[in-house]
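# Close look at the chain arrangement
This is what each chain is made of:
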Amino acid sequence: MGDATSSNPQSLGFTDKLKSWLSWSWTYICAVWFAMVLTMIYVLRSPLKLQDTLTSASVFLNTLTPKFYVALTGTSSLISGLILIFEWWYFRKYGTSFIEQVSVSHLRPLLGGVESSSTTGLFSSVNGEAEPRPSVSECKVWRNPLNLFRGAEYSRYTWVTGKEPLTYYDMNLSAQDHQTFFTGDTQQIKAEDTVMQKAWRERNPQARIRAAYQLNKYVYSYEVDCIANVFPVVFRCAAAYVLLAEEEATTITEAERLFKQALRSGKREQRTIHGSFVRKNINLLVYIKRRLAMCARKLGRIKEAVKMMRDLMKEFPLLGMLNIHENLLEALLELQAYADVQAVLAKYDDISLPKSATICYTSALLKARAVSEKFSPEAASRRGLSTAEMNAVEAIHRAVEFNPHVPKYLLEMKSLILPPEHILKRGDSEAVAYAFFHLQHWKRAEGALNLLHCTWEGTFRIIPYPLEKGHLFYPYPGCTETADRELLPTFHEVSVYPKKELPFFILFTAGLCSFTAMLAMLTHQFPELMGVFVKAFFSTLFTPLGFFADKMESFMPSSFWHQLTRI
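None of these values were measured; they are calculated from a predicted model.

Conventions adopted
- Residues numbered from 1 in each chain as written.
- Predicted model: local features only at pLDDT ≥ 70, side-chain atom pairs only at ≥ 80, totals over all residues.
- Heavy atoms only, no water.
- Helix = DSSP H or I, 4+ residues; strand = E, 2+ residues; numbered from the N terminus.
- Expected span 1.5 Å × (residues − 1).
- Buried < 20%, exposed > 50% of the residue type's maximum accessible area, 1.4 Å probe, protein only.
- Arc of directions from axis to C-beta.
- Patch = residues over 30% accessible without salt bridge, like charges linked within 9 Å, V, L, I, M, F, W, Y side chains within 5 Å.
- Areas by Shrake-Rupley, 256 points an atom, 1.4 Å probe, with all protein chains shown as cover.
- Salt bridge = Lys/Arg side-chain N within 4 Å of Asp/Glu carboxyl O.
- pLDDT = per-residue confidence, 0-100.
- Contact = heavy atoms within 4.5 Å.

A separate point is helix H12 (residues 302–315). Compared with an ideal rise of 1.5 Å per residue, which puts 14 residues at 20 Å, H12 spans 20 Å between its outermost C-alpha atoms and is within 8% of the ideal. What H12 keeps buried is the set Ile302, Ala305, Val306, Met309, Leu312 and Met313. Taken end-on, H12 shows its buried residues confined to a sector of 130°, consistent with a single buried face. Of the exposed residues in H12, the ones pointing more than 90 degrees away from its buried face are Lys303, Lys307 and Lys314.

Given below as structure tokens:
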């Protein structure tokens, strides 16, 4: 067994070498075959009557009027123009060339091509062997820790502007989150939970609100009729209050009132439940407390909000996936409690934990704040960067490498929109969400935006290009553009990194369209002159072939060609 196993690599290596040698030699074999075909055609030109055919073809072409050439070049220009428009539209919509995609996906396998993606995810180790790369969920969509309230914030934006700030895809993800987060095991689901699941799935906001009101009305009548069995339905009332606070409340004060009612109902339910419903109720209580802390933050009670967030993180330390620390960081920055911010970063800015734009850019802000007030690009170019300035610049480069879309929003080179309810880490959606809440903190630190403006573009000189590997993080994923277009509204211009170069086929069709259109115009305006030019062009083009034919006749005796033609 061991011998057989040890011989496998050698046999595989020999097979691979044989395949590579065959593929290498096939190119030259094809070239030799093509040259032989050309030689045979030249040798057999007399039996095949090629000279007569060429003569008749030239006579036919000479009889054609200039109008034919105008129509020919005009039609070619029109067709290539239509192809160019379609290619440009496809590239703007999907970020790739249609012709190139079809060639790679369908024609290349038929021609025996090998997909380059077969080695994706592998990298060489020290001894040269391929090792699997650690799996990274590059394009996983995350819940926005600082998402706004639909009724009190998103809906008001719609009333004022007439634009929808949320996409259907984003709202559908939120509905799925609420169903899975607020519901226990589906096999043990309560009957009342089914009502809330249906309410979350409703696409029409008014239908969701009506379902919550019907549920509250039913709970009230049930409490009156059967006070002994009140607790099994109170949770349903708490979930309905959550929906009303999110969807119907038009002010933060009203939303806070409804969340407090939901909290009271949830606590009553927690005292009576057991089993799989405990996790469901805990999730609901954590969500309510977090939203109450966010209400306090929005209403200016920042210290109260910080205390609620700290208590929540201490009470439920295992719910780190909710990223409550990002809410805490934003509130502490508003208090300008930079020492506390640094303490939170020391705990969560760890190599084993998933990064976010909030962590990376907040760390850069703290280091930039220490030197930005006295920073001057002219002075730094003369004397060089100090240690503190170098640390600040490196922190900015680290943050920009993680998410290169953020600086344009912080520097107000791009307009902000309301952040979505879900974000894609390292994507434009995360950049919008971060800048929406943290731009004020960067402006408060004097000189921080100036330091960012002077140094952020230097990051792209450090990152290897093309983006086959990263510098401090994994290579930037190539799927962010598609996911961000699903998360962000259509009126927002999605930021794309790296900037895609125009595909070859778009440039080719553009050149072909312009060239044929120019030929059509010149042929129509100057038919005789263009006829002379075309004849001169083709005579020059076929001069090397005539020279090659003359050399072949001088090299081979005429009797040899005569004997070949008699075969």
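Looking now at a nonpolar patch on the surface. Taken together, the side chains of Phe533, Val534, Phe537, Phe538, Leu541, Phe542 and Leu545 define a hydrophobic patch exposed on the protein surface, amounting to about 690 Å² of accessible area. For the nonpolar patch, the element with the highest residue contribution is helix H23 (residues 527–541), accounting for five residues. Along the chain, the position of Phe533 falls in helix H23. With relative accessibility at 49%, the residue Phe533 sits in the partly exposed group.

All right, on to the confidence of the model for the chain then. The predicted coordinates ought not to be read in detail in places where the model reports low pLDDT. For the chain, per-residue confidence averages 75 on the pLDDT scale, and residues scoring 70 or more make up 69% of the total. When pLDDT is averaged over each helix and strand of the chain, the minimum, 32, is found for strand S1 (residues 122–124) and the maximum, 93, for helix H19 (residues 428–444). Taken as a whole, residues 111–137 scores under 50 in pLDDT and shows 22 contacts with residues more than four places along the chain or in a different chain.

All right, on to unusual backbone geometry then. Backbone geometry places Gln336, a non-glycine residue, at a positive phi of 60°. With respect to the element layout, Gln336 can be found in the loop between helix H13 (324–335) and helix H14 (338–348). One non-glycine residue, Glu412, lies in the positive phi region at around 60°. Mapping Glu412 onto the fold places it in the loop between helix H18 (406–410) and strand S4 (422–424). When its relative accessible area of 52% is taken as the criterion, Glu412 is described as exposed.

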